[in-house]
Amino acid sequence: MVKYSTRKQSEITSSAIALCDRLLSELEKGRRPVLSATKCSLDNSVYTPSIGYLTPGSKRVQSELNVSSVKKISRSLFMLEILLRNVNVGGINTKRELYYISKGLLKSNPLIKPLDFDDQVESDATIDFVCEILECYREELNCFANDRGGQTYSQHLIVTETMPNGETAEIDLSRLGTSPFMPKNRPQNLTLKAKGKIDFCLVLESEGTANTLVANGITKRHPCIVVGAQGVPSNAVRGWVKRIQDQLTVPIYFFGDLDAYTLQNIYRTLKAGSASSLIRNKDFSAPDVRFLGVLPEDIKKYDLFHYDVKMNDPSEARSLKKAEDALKNDPFFRSNRNKGLVKILNWLIESRKRCEQQSFFSVDGRDPLIFEKIIIEKIKSGSYV
Amino acid sequence: MTNSSSQITKSSTAEYFAKNLQQVGFSSPAKAVLTTLKEAMDNALDACEEFGILPEITVIIEKKGKGHLRHTDRIMIRVVDNGPGLTLQQVPMVFGEYLASSKFGRGRCSRGQQGIGISAATTWAVQTSATGARVITKQKNMKKALSCMVITDLKKNQGIIKEKEMTNWDREHGTSVEFLIDGRLQMNGEGGILAYLRGNILLNPHLTLKYQLPDLAPTTISRVSDIVPVIPPSLPPHPHTMKLGEFMSHARLFGRIKLSDWLERGFSRLSRPEITAIVKTSGYKASLAEQTVTSLTAEQLKKLFATIQEMDLRPPATKSVITIGEEALSLSIQRLGQIDYFSVVSRRPIICDLKPVQVEVAVARLQTKGGDSDEAVQVLRFANRVPLQFDRASCAIIKAISSVNWRAYNLKQSKGGLPSGPYIIAVSIVSPFIKFKNASKETIDASDELVEEIRAALMKAGLKLSRHLKKEHKERELESKLQHIEKFSPILVDTLCRLTNANKERRLRAENGLLKILGRDNQETVKELQAAEVKLAAHLSKQKDSLVMFNDEDKQLMHHEEELSEKPLDLEEAEPKKKTKKAPAAKKAPAAKKKKKK
Ligand SMILES: Nc1ncnc2c1ncn2[C@@H]1O[C@H](COP(=O)(O)OP(=O)(O)O)[C@@H](O)[C@H]1O
Ligand SMILES: [Mg+2]
């Protein structure tokens, strides 16, 4: 393994050690140390249209050292030590692997046995807590989730990846055959280059539909990038789309189902981040993304198949209820900037209808390219929000 | 026998019972073993009590191969006591003759009542394995012990002694009785041998019990009290507890006696003024009281009886019931196993359905490994200190337990059912006249009055228990905090020192600092705990003060406390409690009265 850490990582390391030093000094003085972290919740989320993503407000959570927190803090320091060691030697692990690493260490040392984790939920929470007090990303401590989604297809994109040891690798997406490119781990290490002019980037909620579009030749006919989000976008997808936004000047469109869940959970997260990741939204959201559909007017225009929301299905009903909440409490939807989206949400709540992205295939069952045609038509005619 | 169907035959008492052993506890192989043990042990306990002897009883049960009946084993049951022993004349009567008893219908709280049990066991032994009761017995004045086999002559309802022998026995006095019967050994469960023994252990603090049972290590449970309970003498009947027929035949028992003397001596709670009033109210001349009872007409007796029933008499005395007492119960319950804590309540004897009754309750939590189980609590029921082990469903005790809201005392309970968890709830009912629901005497009749009385006892026990629970909870919390500090402090300092590369001096200072910080937390907890204890003590003494002599107030107070402690649970129960407003008034009432009295 090659010793490697980014500049950001050495900053984190020294601030972690400074924090430990402060804790120790306070203990020496018999004072009660207090750890403080940004409060990551909707009520501490700020949305400024010019910034475009959710940023943290001024609220903080304080954990002072006392009888009930001594275990949690001891565990966090134990985990911090593992993570810093990883950063120091360039080791990389998933949360699950870190769980087993901890279990191994705890087993071999009876002195620290009391810290033992009962299950991965506990070790995951400890990792998250460490990141919160250090105000850094998990990835910056070399802990990577097994991120899903982000399959990317293009005939016009070249990605240069900088490896941990400083070497670079170049990936020409047009030479991957039918395989997609998967933006893993640290999108920040990827540099993008366009081969010629790229017209647009299309992020689809359904990875299956993305694959269909590509198989039918959309990337051959149009200079574009097609990304499959695979549901609620993972960190990798969010970081990757943000990368595309920053490094290529192409319009990015999101296309998914017309329902409250897609708008609120999937689209809002992609565009402005989430409340639970306030400290990382800066690098993990793409404020320029636009909502291509399905739009309420598409239903009429293309006579799309659609459904009534099943109010007796608890998850669908809950989704509508959450949409109402969002209109009231989510600073993203309360901003004037997103009036168009609010209109859609209101339409969803009032009409209690929903329409799936695949319904475009119903427009002409005999034309396999109908979906692509409508997408292109919508982009050209500015039919998006 | 060929013509028997056309003949009317008169069978002896013994023959009747021999054919109907299932009615007296021999209805199944498992029950046969339990009943045999029970009859022998009850007798041993009764005999010791009668003679003021501290009982030391040994129970030995062994399997001796397959039984003659299908699906049975041959089982040997031996019960040895240090009781008074029996004479040569008594032995065949006791073990071979039905209805031969020294306790028959005496209105006392002894275990045996009719003299059926032990002879039935002998009959079962004769029927299933062609042996009888093997008896060794010795009285204090005898040099040698009498050893013999007793069998029953069913035709004559007589015991016959065989293999008689005088032997040396290394004890001053006592009786050993041994049966070899076909049966099945059921150790566990409500109807098991162990439940019977545990029941006796609990209710007889003065008993030392040794037992050797198959597959279990020999066990000795030592006595925790040196007081032999004295069974109070029986009292003459209270006239209100009698039916007309009983009243009339009672009149004949006394021979030529003056009416006034008969009423005075033959009954409880009738004295001269009452008797004068009875005669007058019945419309007779005062001179009637001077006539002999035998000279009265049936008409006159009926009239007198009717008058008495209408009169207000003092309730019967409660002197005839036997009490175990809270102190003895508290010691005894700790013999039932590893017990975390317990609470006992001994109610004052009261009159219930016109009969004196005393209810005593013990609740204990067994130490368990792992969490609380969802199994229903173990219920131990007793009538006159005899464990009741069958037909519990409609028993007054079970009804009372299910009617209490145990959740208010931090026990788990499904609505209307028994509470669950590793608890024992023991309820003892003592009365010279216990009303059973059926002939097998396993179910106490659930009259409203009795259920209410048991309920009151249970609620008081529950209240005491929940205090234990709360206190224990606090203590656990404190203890886990202390452990917390001890466990995590060194780890925390260690890790910090490693991460910062700190030297020894820093480490030492930090360790001390941390102990100081967490120690402060700790002191606070201790203070909190102390404050809680002071509050609890104050509360308890206040409660003692207000539990004055009046049973009803006592009940009211407890209703009130139950309501209070139920409050947090109200969320679950839809109906709002209107009573809560009234309750404080009910609580204040006794205190206010007391002040006035002073
Ligand atoms: N172990 C014993 N020691 C002394 N006396 C006994 C013993 N067992 C029985 N007896 C006497 O024999 C009598 C008859 O016993 P039993 O047939 O069981 O009837 P009960 O117990 O109902 O009186 C008892 O009343 C008691 O006087
Ligand atoms: Mg008996």
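Owing to the predicted nature of the structure, the values given are computational and were not obtained by experimental measurement. (Residues numbered from 1 in each chain as written. Chains lettered and ligands numbered in written order. Predicted model: local features only at pLDDT ≥ 70, side-chain atom pairs only at ≥ 80, totals over all residues. Heavy atoms only, no water.)

### Concerning the pattern of salt bridges
Next, step 1: Tallied over the full model, the rule gives 46 salt bridges over all chains.
Next, step 2: Salt-bridge contacts for Arg 280 of chain A lead to Glu 139 of chain A; the nearest nitrogen and oxygen are separated by 2.7 Å. One end of the pair, Arg 280 of chain A, is in the loop between α8 (260-272) and β12 (290-293); the other, Glu 139 of chain A, is in the loop between α4 (120-134) and β5 (151-154), and 141 residues separate them in sequence. Across the pair, Glu 139 of chain A and Arg 280 of chain A agree in class, each one buried.
Next, step 3: The partner of Arg 498 of chain B in a salt bridge is Asp 494 of chain B, with the nearest N and O atoms 3.7 Å apart. With Arg 498 of chain B and Asp 494 of chain B both in helix α12 (residues 448-500), this residue pair falls 4 residues apart, about one helical turn.
Next, step 4: What makes Asp 494 of chain B partly exposed here is its relative accessible area of 29%. (Salt bridge = Lys/Arg side-chain N within 4 Å of Asp/Glu carboxyl O. Helix = DSSP H or I, 4+ residues; strand = E, 2+ residues; numbered from the N terminus. Buried < 20%, exposed > 50% of the residue type's maximum accessible area, 1.4 Å probe, protein only.)

### A few points about the interface of chain A and chain B
Next, step 1: Of the residues lining the interface, 28 residues belong to chain A; the matching set on chain B comes to 24 residues.
Next, step 2: Note on chain A versus chain B: buried area summed over both sides is about 2400 Å², and carbon and sulfur give 73% of it.
Next, step 3: Of all residues in chain A, Leu 24, Glu 28 and Val 67 of chain A bury the most surface against chain B, accounting for 28% of the area lost on that side.
Next, step 4: Remark: the boundary between chain A and chain B carries 4 salt bridges.
Next, step 5: Taking the shortest distance from any N to any O, the salt bridge between Glu 81 of chain A and Arg 498 of chain B comes out at 2.6 Å.
Next, step 6: The interface formed by chain A and chain B includes 5 residue pairs in polar contact (both at pLDDT 80 or more).
Next, step 7: Contributing elements (two or more residues each) for the side of chain A that touches chain B: α1 (7-28) and α2 (70-89) of chain A. (Contact = heavy atoms within 4.5 Å. Buried area = accessible area lost by both parts, 1.4 Å probe. Polar contact = N/O pair within 3.5 Å; in protein donor to acceptor, adjacent residues only side chain to side chain.)

### Some thoughts on unusual backbone geometry
Next, step 1: The step from Gly 293 of chain A to Val 294 of chain A runs through a cis peptide bond, and the omega angle for that step is 5 degrees.
Next, step 2: Examined against the element boundaries, Val 294 of chain A turns out to sit in the loop between β12 and α9 (296-302).
Next, step 3: Here the phi dihedral of Glu 163 of chain B falls at roughly 50 degrees; this positive angle occurs in a residue that is not glycine.
Next, step 4: Taking relative accessible area as the criterion, Glu 163 of chain B reaches 49% and is therefore assigned partly exposed.

### A short note on empty space enclosed by the protein
Next, step 1: Throughout the structure, instances matching the rule amount to 5 cavities of 30 Å³ or more.
Next, step 2: Approximately 140 Å³ is the volume attributed to the largest cavity.
Next, step 3: Along the wall of the largest cavity there are 13 residues; nearest its centre are Asp 353, Val 357, Phe 433, Lys 435 and Leu 450 of chain B.
Next, step 4: A breakdown of the residues in the lining of the largest cavity according to their chemical character gives 7 nonpolar, 2 polar and 4 charged.
Next, step 5: Taken as a whole, the second largest cavity encloses approximately 50 Å³ of empty space.
Next, step 6: Lining of the second largest cavity is provided by Leu 23, Leu 27, Pro 33, Val 34, Leu 35, Ser 63, Leu 65 and Ile 73 of chain A together with Leu 492 and Leu 496 of chain B.
Next, step 7: For the lining of the second largest cavity, the secondary-structure elements that each account for two or more residues are α1 and β1 (34-38) of chain A together with α12 of chain B. (1 Å grid on protein atoms, 1.4 Å probe; cavity = no way out; pocket = protein on both sides within 12 Å on 5 of 7 lines; lining within 4 Å. Points joined across faces, edges and corners; volume = space filled by probe spheres on them. Nonpolar A, V, L, I, M, F, W, Y, C, P; charged D, E, K, R; others polar.)

### Section: the sheet that holds strand β8 (residues 190-194) of chain A
Residue and element names in this part refer to chain A.
Next, step 1: Taken in spatial order, the 3 strands make up an open sheet running β7-β6-β8, and their pairing is antiparallel. Looking at strand neighbours, the two that pair on one side only are β7 (168-172) and β8, the edges of this open sheet. Pairwise comparison of adjacent strand axes, ignoring direction, gives a mean angle of 20 degrees for this sheet.
Next, step 2: On the sheet, helix α7 (residues 235-247) packs against β6 (157-162) and β8 and is oriented at approximately 50 degrees with respect to β8. (Pairing = 2+ DSSP bridges. Axes fitted to C-alpha atoms, helices over the stretch in contact; angles between N-to-C directions.)

### Notes on α2 of chain A
All names here are of chain A.
Next, step 1: Counted at 1.5 Å a residue, the expected span for α2 with its 20 residues is 28 Å, and the 29 Å between its end C-alpha atoms agrees.
Next, step 2: Within α2, 15 of the 20 residues are buried, leaving the element largely enclosed by the surrounding structure.
Next, step 3: One or two steps after α2, the chain reaches Gly 90, where phi turns positive at roughly 80 degrees. (Expected span 1.5 Å × (residues − 1).)

### Overview of the confidence of the model for chain B
Residues and elements named next belong to chain B.
Next, step 1: On average, residues of chain B score 81 in pLDDT, and 82% of them are at 70 or above.
Next, step 2: Overall, residues 1-6 carries pLDDT values under 50, and its contacts beyond four positions in sequence, including any with other chains, amount to 0 contacts.
Next, step 3: Here residues 543-598 is a poorly scored stretch, pLDDT under 50, and it has 65 contacts once near neighbours within four places are set aside; other chains count.
Next, step 4: Overall fold confidence (pTM) sits at 0.53, and the ipTM for the predicted complex is 0.77. (pLDDT = per-residue confidence, 0-100.)

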